[in-house]
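Residue strings, one per chain:
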Amino acid sequence: EVSMTYTVIARCNQTGHLGIGIATYSLAVGGYCPAIQGGLGAVSTQAFVNLKLGSLALRLLQTGFTPAKTMAELLADDPKSSYRQLGIVDSAGQAAVHTGADTRPWSGHLTGEGYVVMGNVLAGEVVLAAMAEGFEAGAGDDLDERLLATLEAGRDAGGQQTADGTHLDERSAAVITHDHRDYGHIDLRVDAHDTAVEELRRVHGVYKPFVPYYQMRHENPEETPAQDVWAAENLI
């Protein structure tokens with residue numbers, strides 16, 4: 001799978017939540033690029049995707065490796081690493097990122113405090129600069145909101161563009177956040193859409209008010225009302 005992709009991987013320095021926002025011309029990106037485990041780390045493997053690297057990275061982090069050591073092991077294990085783009089942020093906010101020399105231009109990455117932005121087949125470095133600025137501007141917001149706004153900043157700065165200047169629309173996108181539980185806090189994806197980032201924003205807006213309801217089902221099923229009743233009571 002060759003993707004034309006831009007991504008933010010981050011740790012919220014207020015809550016410790018970990019998350020990934022990703023958008024691409026490829027289809028169903030949320031199913032194969034991100035790998036994330038709350039309290040441990042978040043990883044995206046992209047460009048010419050090696051599908052095993054995400055889960056392998058989480059296993060290495062689980063053994064106590066730093067992101068830098070994890071990255072070194074992943075690259076040593078993959079003879080085609082020059083075609084890969086990889087980003088890792090761990091539960092301490094430490095980051096490591098690799099953009100291989102054979103990824104399709106424009107490709108690159110930027111790192112900041114507790115986050116990585118990276119992409120390939122982009123309009124230029126301006127896309128990553130806008131994403132970094134967008135992420136930092138959202139300090140204090142929920143992590144899922146920051147990730148979504150960062151994707152929108154990348155899109156609005158030019159997003160994906162081939163070498164001959166052809167713009168590529170985002171056909172799939174995902175926003176995933178994990179807190180310290182063994183399952184995702186928010187895991188939303190758009191697998192096939194003409195304007196996937198806009199659709200992801202719409203889906204997020206519909207879903208987010210229901211997060212407390214679905215957690216109530218999990219924790220207190222005997223006192224959880226029917227979904228339509230709860231929505232009416234909470235003016236959703």
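Residues numbered from 1 in each chain as written. Predicted model: local features only at pLDDT ≥ 70, side-chain atom pairs only at ≥ 80, totals over all residues. Heavy atoms only, no water.

Colleague: Tell me about the packing of helix H4 (residues 143-156) against helix H5 (residues 196-207), and please be specific about residues and values.
Modeller: In helix packing, the relevant descriptors are the interaxial angle and the interaxial distance, both defined with respect to the helix axes. Between H4 and H5, the shortest axis-to-axis distance is 10 Å and the interhelical angle comes to 160°. Relative to H5, H4 is oriented roughly antiparallel. Note that H4 runs across H5; the crossing there is left-handed. Within the contact between the two elements, H4 uses Asp144, Glu145, Leu148, Ala149, Leu151, Glu152 and Arg155 and H5 uses Val197, Glu198, Leu200, Arg201 and His204. (Axes fitted to C-alpha atoms, helices over the stretch in contact; angles between N-to-C directions. Helix = DSSP H or I, 4+ residues; strand = E, 2+ residues; numbered from the N terminus. Parallel < 35°, antiparallel > 145°, perpendicular 65-115°, else oblique. Left-handed = near helix turned anticlockwise from the far one by under 90°. Contact = heavy atoms within 4.5 Å.)

Colleague: I'd like a description of the pairing of strand S1 (residues 5-11), backed by residues and values.
Modeller: Within S1, six of the seven residues are buried, which leaves it mostly tucked inside the rest of the structure. Where S1 folds back onto strand S2 (residues 18-24) in an antiparallel hairpin, the turn is made up of six residues, including Gly16, whose phi is positive at roughly 80°. Relative to strand S8 (residues 115-119), S1 runs antiparallel, the two being bridged by five bridges. Bridge pairing in S8 places Ile9 opposite Val116. (Buried < 20%, exposed > 50% of the residue type's maximum accessible area, 1.4 Å probe, protein only. Pairing = 2+ DSSP bridges.)

Colleague: For the packing of aromatic side chains, give the residues involved together with the corresponding values.
Modeller: Under the counting rule described, the total for this entry stands at seven aromatic pairs. Where Phe48 meets Tyr83, the ring centres are 5.4 Å apart and the plane angle is 85°; that geometry is what we call edge-to-face. In this pair, Phe48 is assigned in the loop between strand S4 (41-47) and helix H1 (53-62) and Tyr83 in the loop between helix H2 (67-77) and strand S5 (84-90), connecting sequence segments 35 residues apart. On the basis of an interplanar angle of 45° and a centroid distance of 5.7 Å, the ring pair of Phe210 and Trp230 is categorised as tilted. One end of the pair, Phe210, is in the loop between H5 and helix H6 (211-219); the other, Trp230, is in helix H7 (residues 227-233), and 20 residues separate them in sequence. Both residues of the pair, Phe210 and Trp230, belong to the buried class. An aromatic cluster of at least three residues, connected via ring pairs, comprises Tyr207, Phe210, Tyr213, Tyr214 and Trp230. The side chain of Lys69 reaches across the aromatic face of Phe65, ending 5.6 Å from its centre. (Phe/Tyr/Trp six-rings, centres within 6.5 Å; stacked < 30°, edge-to-face > 60°. Lys NZ or Arg CZ within 6 Å of the ring centre and 35° of its normal.)

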